[in-house]
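Per-entry structural report
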Amino acid sequence: MKTAFGLTIPQTLEEVCDPQRIALLVYDMQVGILSQIKNAERVTRHVLKVLTAARDAGVHVFFSRHLSLPKELMGMSQFRMAMTWQRADSPDQVNPWFVRDAPGFQITPELLPRPTEGVFDKLTISAFEGTWLDFALRDCGINSFAIVGVATEVGIEPTVRHGADLGYIPVLVTDACGAGNEEAAKRSIESLKFAGDTLVSDTETICTVLRQRSGASRS
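Turning our attention to the sheet that holds strand β5 (residues 118-122). Each strand in a sheet pairs with another by means of backbone hydrogen bonds, the pair being arranged parallel or else antiparallel. Strand order in the open sheet formed by six strands is β5-β4-β3-β6-β7-β8, and the pairing between neighbours is parallel. Single-partner strands in this sheet number two, and they are β5 and β8 (199-201). Geometrically, the sheet is characterised by an average inter-axis angle of 25° between neighbouring strands, direction not taken into account. In this sheet, β5 lies alongside strand β4 (residues 60-66) in parallel orientation, the contact comprising five bridges. Within the sheet, the bridge partner assigned to Arg65 lies in β5 and is Asp121.

In this section: empty space enclosed by the protein. Under the counting rule described, the total for this entry stands at two cavities of 30 Å³ or more. Approximately 190 Å³ is the volume found for the largest cavity. Lining the largest cavity are 16 residues; nearest its centre among them are His66, Ser68, Met74, Gln78 and Ala82. The element that contributes the greatest number of residues to the lining of the largest cavity is helix α4 (residues 76-85), accounting for four residues. When grouped by side-chain class, the residues that make up the lining of the largest cavity number eleven nonpolar, five polar and no charged. Looking at the second largest cavity, the residues that line it are Ile22, Ala23, Leu24, Val50, Ala54, Val59, Ala146, Ile206 and Leu210. Secondary structure elements with two or more residues in the lining of the second largest cavity: β3 (22-27), α3 (40-57) and α8 (203-218). Top contributing element to the lining of the second largest cavity by residue count: β3, with three residues. Per-class residue counts for the lining of the second largest cavity are nine nonpolar, no polar and no charged.

As a further point, take helix α7 (residues 182-195). Between its first and last C-alpha atoms α7 spans 20 Å; for 14 residues at 1.5 Å apiece the expected length is 20 Å, and the two agree. Taken together, the buried positions of α7 are occupied by Ala184, Ala185, Ser188, Ile189 and Leu192. Buried residues in α7, looked at end-on, bunch into an arc of 140°, giving them a common side. Exposed and facing more than 90 degrees away from the buried side of α7 are Arg187 and Phe194.

The next subject is the layout of surface pockets. By volume, the largest pocket is sized at about 460 Å³. The wall of the largest pocket is formed by 19 residues, among which Ile33, Gln36, Trp85, Ala151 and Val154 lie closest to the centre. Elements with a contribution of two residues or more to the lining of the largest pocket: α4 and α6 (152-165). With three residues, the single largest contributor to the lining of the largest pocket is α6. In terms of residue class, the lining of the largest pocket is made up of ten nonpolar, five polar and four charged.

Definitions and cut-offs
- Residues numbered from 1 in each chain as written.
- Predicted model: local features only at pLDDT ≥ 70, side-chain atom pairs only at ≥ 80, totals over all residues.
- Heavy atoms only, no water.
- Pairing = 2+ DSSP bridges.
- Helix = DSSP H or I, 4+ residues; strand = E, 2+ residues; numbered from the N terminus.
- Axes fitted to C-alpha atoms, helices over the stretch in contact; angles between N-to-C directions.
- 1 Å grid on protein atoms, 1.4 Å probe; cavity = no way out; pocket = protein on both sides within 12 Å on 5 of 7 lines; lining within 4 Å.
- Points joined across faces, edges and corners; volume = space filled by probe spheres on them.
- Nonpolar A, V, L, I, M, F, W, Y, C, P; charged D, E, K, R; others polar.
- Expected span 1.5 Å × (residues − 1).
- Buried < 20%, exposed > 50% of the residue type's maximum accessible area, 1.4 Å probe, protein only.
- Arc of directions from axis to C-beta.

Put into structure tokens, the structure is as follows:
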């Protein structure tokens, strides 16, 4: 690992995946969101593999959930977003899809969060905006996060970019991230690769690294 001015500067996936310094963010794996993508079962299987490896390694785990407010509390930007997603011509036609306690709001049962894991709700696209995620990560001494979930081109890319701007090292697990539009998702991944802030991995690779790092730390 490189060092400068008393700092350690991780560069490789193996260096970044220190179980004490990396968190796993499971992004919006909700019933109502998964129902909108074609490969939901495959994505869920990959997310579960990464989640299992993270849990076995003692990694801090956080789940995000996208929340809809009642129409009476929706502001201008929320109405604009809802009208775009729902292809509605008028605010009167908007139907809040992810109100609290609605079936579609819930995290898919295969990934049921444990009592020791964080679950937070958000109105925004970036998981860092308007939530306690940044505080929780910093308070635990975490400087990187792996991200899995849905959707790459809608919420995961903005979260990764926001996280990098906050000083974290993001790790994008591409095959554990679903997409509503595959071509847009590919552009998002290529754009993140070009920017250079993000490490890009796949399910098998990061699971192997987490197992190796976990074993090394225990020994």
